[in-house]
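# Examining the three-dimensional arrangement
Each chain, letter by letter, is given below.
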Amino acid sequence: MQNILKELEAGSLDRPKRLKAAKKEGKKIIEYIGNFVPEEMIYAAGAEPYLMCRGGEPEPPDAVLEYMLRFMNPYARSLAGYHMLGLDPVTPVADLIVAQQLDCHIGRISEVMEYMELPIYKVGVPPDWKKDYTFDYYHKALLKLKDKLEKETGNEITEDKLLEEVKASNAINERLRKIDALRENTECPIGGTDFIKLNHYSFFNDTEYMVEALDKLIEKLETEEPKFAKGTPRILFAGHIVAVGDYVVPRLIEENGGFIAADFLDEGIRWYNWDVPVEGDIIKNIAETKFLVKTPVTLFQPAWRERVDYVMKLVEEKKIDAVVWYQLAFDEIYDMECTILAKNLGEAGIPFLKLESSYEYSREAMGPLRTRIESFIEAVKEAK
Amino acid sequence: MNRDVCVEYLKYLAFTDEQIEEFMPKFEYAIPVLGLTEQDLRFSMDEWLPQNFDMQYEGVKKLMGATLRETVDIAYTTEYKKQGVKIVYGILPAIQTNYTAIKEAGGDGVFVSFADHWLLCGLQYLFHKVDPCLEKAEEEGMTYGCRHCALNKTRIGGYRKGMMAAPDVIWAWGFNCDEGPKTDEYINMLYGEGEWPHVISRLPHDTHWGEKDDEMVDRIEFLAKELKDGQREIEEIIGIEVKPEHMQRAVANCQRRAFKAGSLVQLVCKSNPQVLGANALTMFCNIFALPMNAGLEYFEDAVDTMLREGRKAMKEGVGVIEKDAPKLGCYFVPYAVPWIDRIFRDNGVAMTFSTVLTPNKKMMQAPSFEEPFMATAEQWLRMPIGQNMRYEIDSMIDKAKSNNVDGMVMGFFDFDRWLGAHQKMCAKIIEKETGIPHFYMESDFWEDRDYSPQALKTRIESICQVIKMRLEQ
């Protein structure tokens, strides 16, 4: 199993090199920010997509402070920060950066990037999602994106090509769901940290290769020794995003006696529970799946009733013992949601821990973080 | 509460005897609701207002009086509700047009105001006492460390402390920040669903660098649809029909008030010595932006009075700072923390206009559309805060040049992930393009718990020194 994970990791790390080679061959490189930008459309345009989602290091968020308010979340700041520090190998060669416009953090960071003369293209996502005309707005935004991609690449996005990419994406989702299902048993060979990483690898490895690798992995997992013992507290890991490279918190949970048995994150993870239907108008199907069908992201309004209900459902179905809320510093809407969730879980008697990160994982910061996680898991174990 | 102190206070704010008699019952009702004491009134009229505002003007006194009227009316909403009056709130960054149209339609049967703004202003602007509201919201989950907006905290804390009733509906225009509209959902989720009925209108920030937001017809149409749909929902909830003539009257009134605000800004910026301080000037400019239930006609009277007094002072060569003092423009003069303006003046530099609340040339033009929702949508998108950064910068450059300032101060919005996020960058770009020096101050527009006078004094002093040195060169 470890070999497959390592291969997938190597494939992810090698992605910038492959993109540069593809660029030399005349392919367009298109970066994108956020799950409301369909990767499938970029593939269908014959371009190479690259998800901008790095995080977990303190320097990149600080690099933008010359231009930007410090009370912005560190993930958004990192998007421009890595480029400003010369640590982003892909952005300098990107032909287009497609950024979803849903929240202020990404909105303003997109403007920093425009000021830096990066080729930003915006896809508007109205948060008041329960109105016919806001769905139309997002649907039209995707149709405009199609035109933009076609113009940029010189390739037509045909229904057939798009259908093929949607099917490939659904195939990855299906395999991730199978692996996710293994987590229903605590004596599981794979933990939540690796599961989140698998999601990340799926963004950076070619889809066909990814499907094959996941098939092999599933086969291996069937015979693999459990990584977690019976009775290990089952944790629901929820929040905004685990960025690529920001693995400290999930790792500490699983190193200190917890098992991330389920996750509920808005970004940096595939929405693997929601396949895009393959019959009919595919762009409309993509828009409907992301905008109307999937459990709303926290920025949507209304969202919190449905999100609390979804968390409660996960708690029950996945036999969750405790919830860890992972929040980024100054992420104001997630901070508000945390209060709501804490109240609801508290009333249901589910232990809840809020952890916040500014991507500062110095030795001084790690000690208290580890202690908090250790004692929380100890307390959950005792209560079981 | 000693009634004489109340009378004295109202007289200080230019209430006539007749007005005092009429207003007193509500005032006496509101004082304990707002947590005010005799000491607070004394502090306000003996120290806070005279130290920080140009109280020699009748216009400024009336401005304070109009603010007090609105705050008191908000404290009275519980009673209004009992009487069957429908309560409608709104939040920034909405403009007054649709809300005043609702008021036009509903008359005394409907209460319409931006309750959080006016409650915060009443408590902070007049008495420097909004902290208990903020602390209440923080105690109940709006964490201190996350830098949430004081306005949203006032909405939560004010409601929880009984200073304002739950509305029949609040209409939140979430066209700038995310937290404003989400606060209503938050209140509902925390304190009981259905407790805080709200209608939300949103607009994605998806125009590109330099595109003209107010000239993009599809954008105006989408926004108009949001406004029309929002208003329809409000009408259904409160059972009051807003007819086209109400909207047309509201648009015309808003245009008239914008013109008056623009005239006052021009007067102050042209005057030498400067005839009025920036914290009062900016507050006056709210006349074309914010709806009020009780205060709007008094507010307009205050502006008219101030225009007369300002012209007279200009003619007589009388000002609030010495002649030829350097002038600074500001992104948004923090009127709820009025001592900032005072410290600038103590250092011989005058703050003047706010780019946010100064109508630009386009805002003073007649709308391009007759249909009232299209006209309102266009009007909103003409405001710099409704635009992408580059387009907003063009408007800021225009204002900085036309108002002939020696420098600009940015900042004071560290809690706002939209209006506060870009100001450092705007400062850099405008300074580079115009040569006008720009200064950034990290601070809070609404409250001063984090940034005390001691903390900001050094920064202000150094800004003033730099400005003076540049002028001497």
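Residues numbered from 1 in each chain as written. Chains lettered and ligands numbered in written order. Predicted model: local features only at pLDDT ≥ 70, side-chain atom pairs only at ≥ 80, totals over all residues. Heavy atoms only, no water.

### Here's the deal with the pairing of strand β7 (residues 322–328) of chain A
Residue and element names in this part refer to chain A. Counting buried residues in β7 gives 7 out of 7 residues, a clear majority hidden from the surface. On β7, burial covers both faces: A322, V324, Y326 and L328 on one face and V323, W325 and Q327 on the other are all buried. Of the pairings in the sheet, the one linking β7 to strand β8 (residues 352–357) comprises 6 bridges and is parallel in character. Looking at the pairing, V324 lines up with L353 of β8. At this point the chain moves from β7, through helix α14 (residues 332–347), to the parallel β8, and the crossover so formed is right-handed. (Buried < 20%, exposed > 50% of the residue type's maximum accessible area, 1.4 Å probe, protein only. Helix = DSSP H or I, 4+ residues; strand = E, 2+ residues; numbered from the N terminus. Pairing = 2+ DSSP bridges. Right-handed = clockwise from strand over helix to strand, strands pointing away.)

### Some thoughts on the nonpolar core
Within soluble globular proteins, side chains that are nonpolar tend to cluster in buried spots. Counting residues in hydrophobic clusters, the biggest one holds 324 residues, and the most contacted among them are F27 and F344 of chain B. Both of domain 1 (1–158) and domain 2 (161–383) of chain A provide at least three residues apiece to this core. (Core = buried A, V, L, I, M, F, W, Y, C linked by side-chain atoms within 4.5 Å. Domains from an automatic or database assignment.)

### Side note on the sheet that holds strand β1 (residues 86–90) of chain B
All names here are of chain B. A sheet is described by the order of its strands in space; here 4 strands give the open sequence β2-β1-β3-β4, paired in parallel fashion. Of all strands in the sheet, those bounded by a partner on one side alone are β2 (110–113) and β4 (198–202). Taking the axes of each pair of neighbouring strands and ignoring which way they run, one obtains an average angle of 15° across the sheet. Bridging between β1 and β2 involves 4 bridges; their strand directions are parallel. (Axes fitted to C-alpha atoms, helices over the stretch in contact; angles between N-to-C directions.)

### Some remarks on the interface of chain A and chain B
Contact with chain A, which involves 51 residues of that partner, is made by 56 residues of chain B. When chain A packs against chain B, close to 4600 Å² is buried across both sides, 60% of that on carbon and sulfur atoms. Among the residues chain A hides against chain B, the three largest losses belong to R108, Y133 and Q301 of chain A. Together they make up 16% of the total. There are 6 salt bridges connecting chain A and chain B. The residue R417 of chain B makes a salt bridge to E332 of chain A at a minimum N-O spacing of 3.7 Å. Taken together, the links from chain A to chain B amount to 31 residue pairs in polar contact (both at pLDDT 80 or more). (Contact = heavy atoms within 4.5 Å. Buried area = accessible area lost by both parts, 1.4 Å probe. Salt bridge = Lys/Arg side-chain N within 4 Å of Asp/Glu carboxyl O. Polar contact = N/O pair within 3.5 Å; in protein donor to acceptor, adjacent residues only side chain to side chain.)

### Quick word on the packing of helix α9 (residues 192–204) of chain A against helix α10 (residues 207–223) of chain A
All names here are of chain A. The N-to-C vectors of α9 and α10 enclose an angle of 155°; their axes lie 10 Å apart at closest approach. Taken as axis vectors, α9 and α10 run roughly antiparallel relative to one another. Note on element contacts: α10 touches α9 through M210, L214 and L217, opposite L198, Y201 and S202. (Parallel < 35°, antiparallel > 145°, perpendicular 65-115°, else oblique.)

### Structural notes on empty space enclosed by the protein
This structure, assessed with the given rule, holds 11 cavities of 30 Å³ or more. Each pocket or cavity is described by its volume, and for the largest cavity that value is around 350 Å³. The wall of the largest cavity is formed by 28 residues, among which L92, P93, L151, L419 and W446 of chain B lie closest to the centre. Of all the secondary-structure elements, those providing two or more residues to the lining of the largest cavity are α7 (115–127) and α9 (150–160) of chain B. No other element matches α9 of chain B, which puts 3 residues into the lining of the largest cavity. By residue class, the composition of the lining of the largest cavity is 20 nonpolar, 5 polar and 3 charged. Along its surface, the second largest cavity is lined by 17 residues, and E40, S169, R270, W271 and K290 of chain A are the ones closest to its centre. Of all the secondary-structure elements, those providing two or more residues to the lining of the second largest cavity are α3 (39–44), α8 (159–182) and α12 (282–293) of chain A. (1 Å grid on protein atoms, 1.4 Å probe; cavity = no way out; pocket = protein on both sides within 12 Å on 5 of 7 lines; lining within 4 Å. Points joined across faces, edges and corners; volume = space filled by probe spheres on them. Nonpolar A, V, L, I, M, F, W, Y, C, P; charged D, E, K, R; others polar.)

### Concerning the packing of aromatic side chains
This structure, assessed with the given rule, holds 49 aromatic pairs over all chains. An angle of 85° between the planes, with centres 5.2 Å apart, marks the rings of F195 of chain A and Y272 of chain A as edge-to-face. Here F195 of chain A is found in helix α9, whereas its partner Y272 of chain A is found in the loop between β6 (259–267) and α12, with 77 residues between them in sequence. An identical accessibility class is assigned to F195 of chain A and Y272 of chain A; each is buried. Summarising the aromatic geometry, the rings of Y76 of chain B and Y80 of chain B are spaced 5.1 Å apart at their centres and angled 80° between planes, so their arrangement reads as edge-to-face. Taken as a pair, Y76 of chain B and Y80 of chain B share a single burial class, namely buried. Each residue in the set F53, Y125, Y331, F332, Y335, F413, F415, F445 and W446 of chain B is aromatic and connected to the rest through ring pairs, giving one cluster. Seen from the ring of Y82 of chain A, R54 of chain A lies directly overhead, with NZ or CZ sitting 3.9 Å from the centre. Across from the ring centre of W271 of chain A, 4.6 Å away, lies the NZ or CZ of K294 of chain A, which sits over that ring. (Phe/Tyr/Trp six-rings, centres within 6.5 Å; stacked < 30°, edge-to-face > 60°. Lys NZ or Arg CZ within 6 Å of the ring centre and 35° of its normal.)

### Here's the deal with the pattern of salt bridges
If charged atoms from side chains of opposite charge come close, those side chains can pair. In the structure shown here, the tally under the stated rule is 75 salt bridges over all chains. Measuring nitrogen to oxygen at the nearest pair gives 2.7 Å for the salt bridge that ties K131 of chain A to D128 of chain A. A residue is classified by how much of its surface remains accessible, and K131 of chain A, at 13% relative accessible area, is buried. Taking the shortest distance from any N to any O, the salt bridge between E140 of chain B and K136 of chain B comes out at 3.0 Å. Salt bridges sharing partners connect three or more residues here, namely D180, R183, E184, D263 and K318 of chain A.

### Topic: the domain arrangement of chain A
All names here are of chain A. When its domains are assigned, chain A resolves into domain 1 (1–158) and domain 2 (161–383). One C-alpha centre belongs to domain 1, the other to domain 2; they are set 21 Å apart. Tallying the contact residues gives 57 residues for domain 1 and 60 residues for domain 2. In total, about 5200 Å² of surface goes out of reach between domain 1 and domain 2, with carbon and sulfur atoms giving 66% of it. When the area that domain 1 buries against domain 2 is broken down by residue, the three leading residues are M1, N35 and W129, summing to 17%. Inspection of the domain 1/domain 2 interface yields 2 salt bridges. In this structure, D206 and R15 form a salt bridge, with 3.4 Å as the shortest nitrogen-oxygen distance. Counting every contact that joins domain 1 to domain 2 gives 19 residue pairs in polar contact (both at pLDDT 80 or more). Listing elements by their share of the side of domain 1 that touches domain 2, those giving two or more residues are α1 (2–13), α2 (15–24), α3, β2 (48–51), α5 (74–84) and α7 (132–153). Residues belonging to the side of domain 1 that touches domain 2 are distributed by class as follows: 29 nonpolar, 14 polar and 14 charged.

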